[in-house]
Structure formats: C-alpha cells, structure tokens
Amino acid sequence: MSNHDDGERCYTNRCSLLAAIPDMVFEVDPDGTFLFVHAQPGQTFTDREVIVGGKLTELLPKEVGVKCLEAVQRVAEKREVESLDYFLPYPDSDRFFRAHLGPSTKGTVVAIIQDVTSDKCYQRKLELQAKRLTEANESLEQFVYIASHDLREPLTGIAGFATLLERRYEDQLDDAGKHFLSEIIGGAQQLAQKIEDLLALSRAGRGTINGPFPLGSAIEEARRSLVRSIKQSDAAFRIEGQLPLVRGDRSMIAQVFQNLFSNSIKYRRGEDAPLIWIEAHNDESGWVQVSVRDNGIGFDMEHSDRIFKVFQRLYTIEQYPGTGIGLAIAKKIIEKHGGRIWTSSEPSEGSTFYFTLPGAK
Ligand code: ADP
C-alpha cells in the first residue's frame with residue numbers, strides 16, 4: 001500500500017483478518033504520511049478518510065505529532081521495535097494510547113495502537129490514593145509527635161511533685177501512703193519512657209536515604225552504643241562471611257541493629273551469655289538480605305506479626321523492662337528503605353530477625 005486509495009481499499013475490502021483486531025493499526029511513511037489505517041468506528045481521533053494521505057504532524061496536536069514522527073523515523077532508520085505512550089484530546093475527554101511501532105519490509109513503519117485510557121485512569125487513581133495515604137500518615141505522625149510532646153510537660157510536673165512529696169513528707173506517711181506514692185512515681189516513669197519512645201518512633205525514618213555504605217559500619221555503630229550492656233552480659237558477636245555495601249542511611253540502619261542486638265541481650269536464656277550471629281548476602285534482584293540470630297529465649301511464632309506493632313510485648317515490665325517500641329521503630333526504618341522485616345523463632349531455641357535493604361550495585 002503506498003497511496004491513499006490502496007489504504008482505503010485495504011481497510012474496507014482486503015483485510016478481513018485485521019478487521020477482527022480491536023486495536024488500531026496504522027502504516028506510516030518515514031516522512032510521517034499515513035498510508036493505511038485500520039480502526040473500529042469512533043476509535044480514531046478524526047475521520048479515517050482524512051487520516052489516510054494526511055501527515056502525522058498536521059493531523060495530531062503539535063507536541064504529540066512531533067513525538068510520534070521522531071519515533072517513526074527512529075524505527076524506520078534503526079529497524080528496531082519501539083513503544084511510546086501519549087494522550088490525545090477527544091471530543092468527550094482525553095484518551096491515553098500506547099503505540100507499538102515496528103519496521104515493515106517496505107521501509108514503512110507499522111504501528112499498533114492500544115487505547116489504555118482505563119489503565120491510565122486506574123493508575124492515576126492508585127497514585128492519588130497512595131498520595132492521600134502518605135499525607136494521612138504524615139499528619140498522623142505529626143499528631144503523635146505533638147501529642148507526645150505536649151504530654152511530656154504535665155507528666156514531668158506529676159513526677160517531680162510526687163518525688164518532692166516522697167522526699168519531704170515520707171516520715172509523715174504510713175506504709176500504705178508510701179506504697180501509693182511509689183506507685184505514682186513508678187507509673188509516671190513508665191509513662192515518661194513510653195512518651196520518649198513514641199517520640200523516637202515518630203522521628204524514626206525521617207530524612208533522606210543516602211548513598212552506599214558498608215553494612216559493617218552500621219553494625220559497629222550499634223555495638224558502640226551498646227558497649228556497656230555488651231560488657232555486662234558478656235555478649236559475643238559472630239559475623240558470618242563478608243558484609244556487603246548497602247544503600248540507605250547508616251545511622252538509621254545502626255538504630256535497627258541496636259534495637260535487635262539489645263533485644264538479643266535482654267531476652268537471653270537463663271545464665272547463657274548472649275551469642276549473636278550476623279549474616280548478609282546479595283540476592284539476584286539487587287537486594288541485600290540481612291539476618292540477626294541469637295541464642296535467647298525465643299518466642300512462639302503465633303506472635304510473629306504482633307511484636308512489630310507499637311506497645312506490643314510478650315512479657316510484663318516486671319519480667320523484662322521495655323515499652324514494646326523497638327521493633328516498631330526497626331520496621332518503620334526498614335520500610336522507609338523500601339525493604340521488609342520478619343522473624344523466625346521457637347520458644348527456647350533463639351530467634352532470627354531478617355530484613356532486606358537495597359544493595360549498592
Ligand atoms: P520491648 O523489647 O521493649 O518489649 P520490642 O518492640 O523491641 O519491645 O519487642 C517486642 C517484643 O518482641 C518483646 O517484648 C519480646 O517479647 C519480643 N522479642 C523481641 N526480640 C526478641 C528476641 N530477640 N528474643 C525473644 N523475644 C523477642
């Protein structure tokens with residue numbers, strides 16, 4: 001087909017096979033002249049009769065026409081298949097198209113055009129929803145931050161006055177009074193710790209994700225911050241194999257290790273000195289999988305999701321101190337890096353925490 005009439009005839013008479021194709025098919029000269037069009041009624045941006053023989057840059061809006069012509073010329077010259085997305089104004093609304101262009105044996109270019117308006121609309125809807133969710137999340141975080149911040153002040157007052165009362169009037173109180181007072185002070189301290197941890201949670205994961213750094217340096221940073229409890233507990237670390245480079249924020253990842261290591265130390269089994277194994281390897285998809293294993297008390301896997309939630313703990317504060325926020329912070333940081341965190345454990349058999357981070361390659 002090299003002229004208008006051939007194109008018309010082909011559309012109307014010859015191409016019964018083409019007639020069954022729901023997508024549009026165009027044949028275009030490398031100079032952008034339409035030679036042939038196959039389309040269902042109402043599918044093209046203007047009448048088919050006008051299209052055949054017309055030029056891409058004249059019939060389409062300027063920007064789209066130029067973009068399509070450039071693609072046609074590249075395909076004709078390089079003889080390689082190419083795809084491009086664009087939108088066109090139709091009388092009812094804008095429509096989105098995906099064109100797959102291929103070279104023909106005659107030196108022309110054949111384009112199969114799919115109307116992807118509904119896919120695009122769906123995609124836009126999802127993007128909008130994701131944006132709204134991010135905004136809602138941010139304002140929730142802001143709320144937690146402000147609420148925690150504002151709660152700190154009256155609480156400091158309660159704790160301060162209760163301590164003063166204990167100090168100055170202790171000899172005037174009977175045993176029950178002393179007990180009540182120590183309960184108030186203990187409760188205020190617990191609440192203060194929870195508020196501090198909530199503030200830490202709302203701050204965790206803030207900031208930008210930086211370039212690559214050696215995973216080992218984050219481990220070292222975490223160990224430095226725990227030097228006292230490591231010494232007191234006689235904890236030992238075993239790093240298995242080489243540690244890779246990862247992409248992310250070193251101090252955030254150090255915080256993750258710190259929370260995991262301090263748990264391994266806290267939840268140690270009886271008199272056994274805590275032993276912590278660390279391993280990391282690159283997987284085929286460019287991610288690094290890290291594991292932190294310990295020889296501690298472990299836990300039942302039925303709690304494996306719950307322990308990553310805020311304030312969720314498996315023991316009372318009398319059994320093990322803590323507020324149940326360490327793993328929630330770790331999860332938030334890892335998710336901020338696009339990774340995920342999970343665990344595997346058995347009571348009395350130690351626990352392993354796994355997480356993924358983007359690799360440096
Ligand atoms: P916290 O230690 O303050 O309670 P976390 O969020 O760090 O808070 O941990 C949540 C719960 O998960 C802990 O209370 C504990 O029951 C369990 N847990 C976490 N790490 C370990 C571990 N290494 N071994 C056994 N249990 C653990």
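None of the values given here were measured: they were computed from a predicted structure. (Residues numbered from 1 in each chain as written. Predicted model: local features only at pLDDT ≥ 70, side-chain atom pairs only at ≥ 80, totals over all residues. Heavy atoms only, no water.)

A. Broad picture of the environment of Glu220. With respect to the element layout, Glu220 can be found in helix H8 (residues 215-225). For Glu220, a relative accessible area of 36% corresponds to the partly exposed category. Spatially, the C-alpha atoms of Glu220 and Gln258 are 9.6 Å apart, while their sequence positions differ by 38 residues. (Helix = DSSP H or I, 4+ residues; strand = E, 2+ residues; numbered from the N terminus. Buried < 20%, exposed > 50% of the residue type's maximum accessible area, 1.4 Å probe, protein only.)

B. Layout of helix H11 (residues 326-336). Where H11 is concerned, the buried positions are Leu327, Ala328, Ile329, Ala330, Lys332, Ile333 and Ile334. On the buried face of H11, the contacting elements are helix H6 (117-169), helix H7 (175-203), helix H10 (250-266), strand E11 (341-345) and strand E12 (351-358). Downstream of H11 by a residue or two, Gly338 has a phi angle that is positive, lying close to 85 degrees. (Contact = heavy atoms within 4.5 Å.)

C. Broad picture of the site of the ligand. In the vicinity of the ligand there are 20 residues, among which Asn263, Tyr267, Asp294, Arg313 and Leu327 approach most closely. One of the side-chain N or O atoms of Lys266 is found 2.9 Å from an oxygen atom in the ligand. At a separation of 3.4 Å, an oxygen atom of the ligand approaches a polar backbone atom of Leu314. Judged by its atoms lying within 2 Å of the grid points, the ligand is housed in the largest pocket. Secondary-structure elements contributing two or more residues to the shell around the ligand are H10, H11 and E12. By residue number, the principal contributor to the shell around the ligand is H10, which donates three residues. For the shell around the ligand, the per-class residue count stands at eight nonpolar, nine polar and three charged. (Near = heavy atom within 4 Å. Polar contact = N/O pair within 3.5 Å; in protein donor to acceptor, adjacent residues only side chain to side chain. 1 Å grid on protein atoms, 1.4 Å probe; cavity = no way out; pocket = protein on both sides within 12 Å on 5 of 7 lines; lining within 4 Å. Sits in = over half its atoms within 2 Å of the grid points. Nonpolar A, V, L, I, M, F, W, Y, C, P; charged D, E, K, R; others polar.)

D. Fine view of unusual backbone geometry. The residue Asp234 is not glycine, and still its phi comes out positive at about 65 degrees. With respect to the helices and strands, the residue Asp234 is situated in the loop between helix H9 (227-233) and strand E7 (236-240). Of the residues examined, Asp234 reaches a relative accessible area of 56% and is grouped as exposed. Unusually for a residue other than glycine, Phe311 sits at a positive phi of about 65 degrees. Structurally, the position occupied by Phe311 is in the loop between strand E10 (287-294) and H11.

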